[in-house]
Protein chains: 2
Amino acid sequence: MPADLPKSRAPSIRDVARLAGVSHQTVSRVLNNHPSIRDSTKARVQQVMDDLQYRPNRAARALSRGTSRTIGVLSASSSQYGPASSIAAIQDAAREAGYYVNTANLTSADPATIEAALDHLMLQSVEGIVVIAPQMRVFDVLEQLSVAVPYVTLQSTGSLNEHGLSFDQIAGARAATRHLIDLGHRNIYHLAGPQDWIEAEARMRGFLDEMGAMDVPTTAPILGDWTADFGYYAGRELLRVRDFTAIFSSNDQMALGLMHAIRDAGLDIPGDVSVVGFDDIPEAAHFWPPLTTVRQDFAELGRRCMALLLDDITDGPDQQRSAIIPELIVRGSTGPPAF
Amino acid sequence: MPADLPKSRAPSIRDVARLAGVSHQTVSRVLNNHPSIRDSTKARVQQVMDDLQYRPNRAARALSRGTSRTIGVLSASSSQYGPASSIAAIQDAAREAGYYVNTANLTSADPATIEAALDHLMLQSVEGIVVIAPQMRVFDVLEQLSVAVPYVTLQSTGSLNEHGLSFDQIAGARAATRHLIDLGHRNIYHLAGPQDWIEAEARMRGFLDEMGAMDVPTTAPILGDWTADFGYYAGRELLRVRDFTAIFSSNDQMALGLMHAIRDAGLDIPGDVSVVGFDDIPEAAHFWPPLTTVRQDFAELGRRCMALLLDDITDGPDQQRSAIIPELIVRGSTGPPAF
DNA sequence: CGTTCGAATGTGCACGGTCACAAATGTGGA
DNA sequence: TCCACATTTGTGACCGTGCACATTCGAACG
């Protein structure tokens, strides 16, 4: 009978130890790069590990160390470009740091669903949580459950609390608004995102701040749901009363829908109406007309978020939370108003 | 000193057992819904678990059971709409089935990177793997490493091997091509995806099959990279020699870039050139003109994929792998050719 | 009233690592 | 030669849960 027949059990450190002629503890030391191991011993153990295709058992390690090296991501609309990019970056950063990532999607935003998703994460004994979701509500649940792990969120300036990652969306929104005002527009609408998303709220505040600072009268923003479909229908409604020359949309998808509606009404962009988006998704440069928008570096955002969380977990120094300043990308969808 | 001061350790089944006046095994039975537990006992134990906010320790459970209840997702371009949607669906389905999901991103497609990502997953003792990536290469690595866990991939008809999930992309591509031919087009180009993506290859084959079946001469497809940017540059190159009246793009993003290039050249869509995409991303209906495309239900795809994998893991019955037939959505980007 | 049998519960160990501590080994100087 | 001390290695317990098996309990039956 061949010696390498498929074992019923995967090899453990004790198997390795036996074959290498050392104690299991020595094998453990090799695994963890303990300093005081003779090179020759280390090499011998490594050799056996290779031969056996040994893999440390994560569950056993987690159990004995009392730490899971796993972080959880709580995410809504994870199929959209922004969140998806951030999640990807978070995963990469986590892997780099030797952490595992587990994602829970929120299909709706009611407290029960949020609680269930959090439960799912906590059951995995995650060491930290990243929230990419309508954070207002999630925060409530997090506070109420007095969750025992650190958490961070991708969040705007004006830190709602200490868990946020600064990202100056207000500045971005002000830049976009200023651009329209500078072009000569005075009747500007804002199509905002869902009001319980902190990003949406920050962009809205940026818009209102800038309008106020420049003494331009404003109307109440429309609250959307991030989708192109909504942008389209909102545009149709708005165009019944054509009392504006520019719209600032809280994301690129809604801006796309808006432009569709505007064209359907026989109007020209930017001749009759200028449109500004937010995010600079990769497709925005190819819209018709190419979309003026505010660039967000989602990947960088995800990376920073992860760094922050890892600091919290390891009780490291409070990393400086400098804000990333988004950049206005001017393309063909904006121009001076027609008179 | 209050009795409920923050314990240094989370409560275990033994803590629960002590307070409930039963053995730890009885607590374990309650946890696992063992049939022969008296209702009164069960209730008492549940009560204590609630009081203590007891959470089973996943690592211990995994260690003891020898099973991790975790599946891995190996994903490339996970920030794109298609993959992202599928991943979200997979996560939901997994959570429903009591499984956890761990995702590893591929930043490039060379064997070393693939191997590293697989390693990362295997280190977590995943019980199965879903591949959403340039599968040709990943397959090689999977086979070569003789990975010990079942794996499935989101894949086209014509099963490359037994691990695939049928999804009739060839039929979808044929429908799109047929649509163009029926409109009267005879000079049709195909902008394909990266050739090591099975989806790209299947769509290309569908295109070539249909062209052959209808006796329309064809030129070699152009190989793209799924991005709108590439579609734009490919379009610019193609338009130097304007010997076609229609293009079938392997996804919607590239189709968007193509339309951008076509408009830049001063041509009309669909008057001068018809364009068909593939995927029906939510934005496609709002492109200018709205894009004729082939609808794929990524969420359904992800769910089926998960069901298939869970069957494999539990050695269940070989589920019938019926193909989902994609649907052609005709919008404004296609029309009869001008003569 | 003893026997039998199924339901309900308890006992002890295994899972595969890590940790604290003990022991062995090597090295240099008095 | 022997001791002090650093380096390297070994021993045994422990993390929290599930499994196999043993035991107790209770009811039914001849």
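Residues numbered from 1 in each chain as written. Chains lettered and ligands numbered in written order. Predicted model: local features only at pLDDT ≥ 70, side-chain atom pairs only at ≥ 80, totals over all residues. Heavy atoms only, no water.

An unreviewed UniProt entry annotates chain A as LacI family DNA-binding transcriptional regulator originating from Cryobacterium lactosi.

(A) Layout of the packing of aromatic side chains. All told, the structure shown has twelve aromatic pairs over all chains when counted by the stated rule. Seen in terms of ring centroids, A:Tyr232 and A:Tyr233 are 5.3 Å apart; in terms of plane orientation they differ by 70 degrees. Their pairing is edge-to-face. With relative accessibility at 47%, the residue A:Tyr233 sits in the partly exposed group. One aromatic cluster is present, formed by A:Phe207, A:Phe248 and A:Phe278 through successive ring pairs. Between the NZ or CZ atom of B:Arg58 and the centre of the ring of B:Tyr100, over which it lies, the distance is 4.2 Å. (Phe/Tyr/Trp six-rings, centres within 6.5 Å; stacked < 30°, edge-to-face > 60°. Buried < 20%, exposed > 50% of the residue type's maximum accessible area, 1.4 Å probe, protein only. Lys NZ or Arg CZ within 6 Å of the ring centre and 35° of its normal.)

(B) Structural view of the relation of the copies chain A and chain B. The two copies are related by a screw motion: chain A maps onto chain B through a turn of 180 degrees and a shift of 0.0 Å along the axis, at an RMSD of 0.1 Å. These values place the two chain copies in the arrangement generated by a two-fold rotation axis. Of every C-alpha in chain A, the one belonging to A:Ala59 sits nearest the axis of rotation, 2.3 Å from it. Interface overlap between copies: 100% of the residues of chain A at the interface are likewise at the interface in chain B, consistent with a symmetric, same-surface contact. (Least-squares fit on C-alpha atoms with pLDDT ≥ 70 in both. Contact = heavy atoms within 4.5 Å.)

(C) View of the protein's contact with DNA strand D. Every one of the 30 residues lining DNA strand D counts as a neighbour, but A:Thr41, B:Arg14, B:Gln25, B:Tyr54 and B:Ser64 are closest to it. Near-protein atoms of DNA strand D (within 4 Å) split between backbone and bases, with sugar and phosphate holding 57%. Between a base nitrogen of DNA strand D and a side-chain N or O atom of B:Gln25, the distance comes to 2.2 Å. Within the side chain of B:Asn32, one N or O atom sits 3.3 Å away from a phosphate oxygen of DNA strand D. Contributing elements (two or more residues each) for the surface near DNA strand D: helix 2 (24-31) and helix 4 (58-65) of chain A together with helix 1 (13-20), helix 2 (24-31) and helix 4 (58-65) of chain B. Top contributing element to the surface near DNA strand D by residue count: helix 4 of chain B, with five residues. A breakdown of the residues in the surface near DNA strand D according to their chemical character gives eight nonpolar, 14 polar and eight charged. (Near = heavy atom within 4 Å. Polar contact = N/O pair within 3.5 Å; in protein donor to acceptor, adjacent residues only side chain to side chain. Helix = DSSP H or I, 4+ residues; strand = E, 2+ residues; numbered from the N terminus. Nonpolar A, V, L, I, M, F, W, Y, C, P; charged D, E, K, R; others polar.)

(D) Up close: the protein's contact with DNA strand C. Near DNA strand C lie 30 residues; those nearest to it are A:Gln25, A:Ser28, A:Ser64, B:Thr26 and B:Arg29. Within 4 Å of the protein, the contacting atoms of DNA strand C are drawn from sugar and phosphate to the extent of 57%. Between a phosphate oxygen of DNA strand C and a main-chain N or O atom of A:Ile13, the distance comes to 2.8 Å. Within the contact set of DNA strand C, a base oxygen lies 3.4 Å away from a side-chain nitrogen or oxygen of B:His24. When residues of the surface near DNA strand C are traced back to their parent elements, those giving at least two are helix 1 (13-20), helix 2 and helix 4 of chain A together with helix 2 and helix 4 of chain B. When residues of the surface near DNA strand C are assigned to their parent elements, the largest contribution, five residues, is made by helix 4 of chain A.

(E) Geometry of unusual backbone geometry. Cis geometry is adopted by the peptide bond preceding A:Pro270, which originates at A:Ile269 and carries an omega value of 5 degrees. Examined against the element boundaries, A:Pro270 turns out to sit in the loop between helix 11 (252-264) and strand 9 (274-276). Following A:Trp288, the chain continues to A:Pro289 via a peptide bond in cis, the omega torsion being -10 degrees. Of note in this structure, A:Arg69 is not a glycine but carries a positive phi near 55 degrees. Looking at the secondary structure, you find A:Arg69 in the loop between helix 4 and strand 1 (70-76). Residue classification places A:Arg69 among the partly exposed residues on the basis of a relative accessible area of 33%. The backbone phi angle of B:Gln53 is positive, close to 55 degrees, even though this residue is not glycine. Residue placement: B:Gln53 occurs in the loop between helix 3 (39-52) and helix 4. Its relative accessible area of 62% is what places B:Gln53 among the exposed residues.

(F) How the structure looks around the interface of chain A and chain B. Between chain A and chain B, the contact holds 47 residues from the first and 47 residues from the second. Taking both sides of the interface into account, the surface hidden between chain A and chain B amounts to around 4200 Å²; carbon and sulfur atoms contribute 53%. Summed over the shared surface of chain A and chain B, the result is two salt bridges. A salt bridge links B:Arg55 to A:Asp119; the nearest nitrogen and oxygen atoms lie 3.2 Å apart. Linking chain A with chain B are 16 residue pairs in polar contact (both at pLDDT 80 or more). (Buried area = accessible area lost by both parts, 1.4 Å probe. Salt bridge = Lys/Arg side-chain N within 4 Å of Asp/Glu carboxyl O.)

(G) Quick peek at the sheet that holds strand 8 (residues 246-249) of chain B. Residue and element names in this part refer to chain B. Taken together, the four strands give an open sheet; going across it, the order is 7-6-8-9, and neighbouring strands pair in parallel fashion. Lying at the two open borders of the sheet, with one neighbouring strand each, are strand 7 (222-223) and strand 9 (274-276). Direction of pairing for strand 6 (residues 188-192) relative to strand 7: parallel, over a ladder of two bridges. Within the sheet, the bridge partner assigned to alanine 192 lies in strand 7 and is leucine 223. Packing of helix 8 (residues 169-182) onto the sheet brings it into contact with strand 6, strand 8 and strand 9, and relative to strand 8 it is tilted by some 170 degrees. Strand contacts of helix 10 (residues 228-238): strand 6, strand 7 and strand 8, with the helix running at about 150 degrees to strand 6, the strand carrying the most contacts. (Pairing = 2+ DSSP bridges. Axes fitted to C-alpha atoms, helices over the stretch in contact; angles between N-to-C directions.)

(H) How the structure looks around the environment of B:Ala43. As for its position among the elements, B:Ala43 is in helix 3. Measuring from C-alpha to C-alpha, the distance between B:Ala43 and B:Val30 comes to 9.0 Å, with 13 residues separating the pair along the chain.

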